[in-house]
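So the chains spell out like this:
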Amino acid sequence: MNPFVWFRQTKLHTKILIAMFLGIPLGLILGPKAEYIRPVGILFIRLIRMIVVPLVFSSLFIGTASLGDIRKLGRIGLKTMGYYLCTTALAITIGLLLANAVGPGRNIDSATRDGLMSSYGSAAGEKIEIAMEKPGVIDTLIEIVPLNPLESLAEGNLLQIIFFALIFGVAATLVPGDRAKPLIGFFEAVNETMIRIVHIIMKLAPLGVLALIAAVVGQFGADILISLLSYSLVVAAGLFIHMIFVYSSAVRIFSGMKARDFFRGIRPAQLIAFSTSSSSATLPVTMECAEDNLGVSDEVTSFVLPLGATINMDGTALYQGVAAVFIAQVYGIDLSFGDQVTIVLMATLASIGAAGVPGVGLITLAMVLEQIGIPLEGIALILGVDRILDMLRSAVNVTGDASAAVIVASTEGELGKPKNLEESW
Ligand code: ASP
């Protein structure tokens, strides 16, 4: 068969996978020149990010307004938060256990250490500065209430948008008679139109992914990865273990869904998260996968997933556990059990309020390190491979969000048959 005809007819996630594999040799051949094709990837990311705010707002508003039951909303909220906190704590624990057992930082020689410090020291300094300017936990919680919802929409502040959409939706159910109907109808139309846009943009996904992967490979090459191989492998192994064991069993136990079906359904979102390194940018795709491929109701999707994209970052938390132990090992610092418990608490808190955008995990890592007195400059040691690990942890982050959506929907009796619309994307 003509390869072009075959490519056109093949499924979307296969196309994205092919694009990824082609991106690696392309990046190696082009080297630093791969930078020139990065704009194609950036364009793709901007296109999906463009619809995050209208999609989240309209779907959350309709979800709440049509639920018409505040108690149910509270129940869904509690289950979601409970699940997010438990899986995040589990993820960091897996990271800490692995890093302590393998000890990736124990055999870094001083020449490699000094080389990394001198190449990445100043970039690390910038990250540390950003981290120090971040508001504390209490301020982050207070700031969930927006002063001006339009400003939150304009700035794309997801937590504030979620808060306002919930109140707006609940209030719409309290308006007597049919008077709120036109408002709900309007947002229903907005929502459906946004979903159409997701489908159109996803047609460009293979091209965007090809450019993004080639640019990363071209920029970093393989050298840096090799000097930090054992650290990178521990992070990757931890992420893999978390994904395969924690999510598969949670989904199986609480919803009865087979792990294979779950992973197959969420695959397009994982691939997009991997290539964009951003769970927020992937949100529209995660929402579509949850509804169409996994059968989650739109009410549950529209609440659980936007919340997850901002506050639930299991992959990030796991990586922070490994990174903290790694840096401590390189500096010869012994971490007590108490220090490790502090890491679990701090990394769980740090993931709340940090938006799912590229590289955010590295910035919140500075807060974790500071808390236990590990030198912040140590960030320079891991900066070189961060971009690649960011891709992996973002894919895990969206998988965690989707597993929550499946479980919450199932316990609420809102897990239906998947529509499997992916073919028509
Ligand atoms: N890039 C990650 C995400 O968007 C966050 C991080 O770990 O840096 O999910």
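Calculation rules
Residues numbered from 1 in each chain as written. Predicted model: local features only at pLDDT ≥ 70, side-chain atom pairs only at ≥ 80, totals over all residues. Heavy atoms only, no water. Helix = DSSP H or I, 4+ residues; strand = E, 2+ residues; numbered from the N terminus. Rg over C-alpha atoms; globule rule 2.2 N^0.38 Å. Buried < 20%, exposed > 50% of the residue type's maximum accessible area, 1.4 Å probe, protein only. Contact = heavy atoms within 4.5 Å. Near = heavy atom within 4 Å. Polar contact = N/O pair within 3.5 Å; in protein donor to acceptor, adjacent residues only side chain to side chain. Patch = residues over 30% accessible without salt bridge, like charges linked within 9 Å, V, L, I, M, F, W, Y side chains within 5 Å. Areas by Shrake-Rupley, 256 points an atom, 1.4 Å probe, with all protein chains shown as cover. Salt bridge = Lys/Arg side-chain N within 4 Å of Asp/Glu carboxyl O. Phe/Tyr/Trp six-rings, centres within 6.5 Å; stacked < 30°, edge-to-face > 60°. Core = buried A, V, L, I, M, F, W, Y, C linked by side-chain atoms within 4.5 Å. Expected span 1.5 Å × (residues − 1). Lys, Arg positive; Asp, Glu negative; His and termini not counted. Charge placed at Lys NZ, Arg CZ, Asp CG, Glu CD.

A. Seen up close, the overall build of the protein. A count of helices and strands for the protein gives 19 helices and 0 strands. Relative to the 2.2 N^0.38 estimate, which gives 22 Å for 425 residues, the radius of gyration of the protein is 21 Å and therefore close to what a compact globule would have. Its C-alpha atoms put the protein at 75 × 60 × 40 Å along the principal axes. Every one of the 425 residues in the protein was classed for burial, and the buried ones make up 54%. Sequence separation of at least 24 residues holds for 86% of the intrachain contacts in the protein that already meet a minimum separation of 6.

B. Region of interest: the site of the ligand. Residues in close proximity to the ligand total 14 residues, the closest being Ser279, Thr316, Gly361, Arg393 and Asn397. Within the side chain of Thr316, a nitrogen or oxygen atom sits 2.6 Å from an oxygen atom of the ligand. Listed by contribution, the elements that provide at least two residues to the shell around the ligand are helix H18 (360-372) and helix H19 (379-411). In terms of residue count, H19 provides more of the shell around the ligand than any other element does, 4 residues in total.

C. Just a nonpolar patch on the surface, in detail. A cluster of nonpolar side chains, namely Phe21, Ile24 and Leu28, defines an oily patch on the protein surface of about 320 Å² accessible area. Note on placement: Ile24 falls in helix H2 (residues 12-30). Overall, the relative accessible area of 37% leaves Ile24 in the partly exposed class.

D. Region of the structure containing the packing of aromatic side chains. Under the criterion given, the structure shown has 11 aromatic pairs. Aromatic pair Phe61 and Phe187: ring centres 5.0 Å apart, planes at 65°, arrangement edge-to-face. With Phe61 in helix H3 (residues 38-67) and Phe187 in helix H9 (residues 181-202), this pair connects stretches of sequence that are 126 residues apart. The burial state of Phe61 is the same as that of Phe187; both residues are buried. Consider the rings of Phe186 and Phe187, whose centres lie 5.1 Å apart with planes at 75°: the pair is edge-to-face. Accessibility expressed as a relative area gives 13% for Phe187, which makes it buried. Members of the aromatic cluster, joined through ring pairs, are Phe57, Phe61, Phe164, Phe168, Phe186 and Phe187.

E. Focus on the nonpolar core. The biggest cluster of nonpolar side chains holds 128 residues, and the ones touching the most others in it are Tyr231, Phe262, Ile272, Val304, Phe326, Ile379 and Ile382. Ranked by residues supplied to this core, first place goes to H19 with 16 residues. Non-local contacts of Ile382, meaning those with residues more than four positions away in its chain, are made with Leu228, Tyr231, Tyr319, Ala323, Phe326, Ile327, Leu362 and Leu365.

F. Highlighting helix H13 (residues 259-276). In this model H13 runs 25 Å from its N-terminal to its C-terminal C-alpha over 18 residues, within 8% of the 26 Å that 1.5 Å per residue would give. Within the sequence span of H13, burial applies to Phe262, Phe263, Gly265, Ile266, Pro268, Ala269, Gln270, Leu271, Ile272, Ala273, Ser275 and Thr276. Phi for Ser277, located one or two positions after H13, is positive at around 55°.

G. Representation of the pattern of salt bridges. All chains considered together, the criterion is met by 6 salt bridges. For Glu414, the salt bridge goes to Lys72, with nearest N and O atoms at 2.4 Å. One end of the pair, Glu414, is in the segment after H19; the other, Lys72, is in helix H4 (residues 70-102), with 342 residues separating them in the sequence. For the residue pair Glu414 and Lys72, the accessibility class agrees, reading buried in each case. Arg75 is paired through a salt bridge with Glu412; the nearest N and O atoms lie 2.7 Å apart.

H. Broad picture of H9. Between its first and last C-alpha atoms H9 spans 32 Å; for 22 residues at 1.5 Å apiece the expected length is 32 Å, and the two agree. Listed in full, the buried residues belonging to H9 are Ile184, Phe187, Val190, Asn191, Met194, Ile195, Val198, His199, Ile201 and Met202.

I. Seen up close, the side chain of Ser278. Tracing the chain through its elements places Ser278 in the loop between H13 and helix H14 (279-293). With sequence-adjacent residues up to four places away left out, Ser278 is seen in contact with Ala273, Gly356, Val357, Pro358 and Ser394.

J. Up close: a positive patch on the surface. A grouping of Arg252, Lys258, Arg260 and Arg264 is seen on the molecular surface, where their side chains present a positively charged patch. As for its placement among the helices and strands, Arg264 is situated in helix H13.

K. Geometry of the environment of Arg106. Structurally, the position occupied by Arg106 is in the loop between H4 and helix H5 (110-133). On the basis of relative accessible area, Arg106 is assigned to the exposed category, the value being 55%. Sequence separation of Arg106 and Glu35 is 71 residues, and the distance between their C-alpha atoms is 35 Å. Excluding anything up to four places from it in sequence, Arg106 contacts Asn100 and Gln329. From its side chain, Arg106 meets the backbone oxygen of Asn100 in a polar contact 3.0 Å long.

These figures come from the coordinates and say nothing about function on their own.
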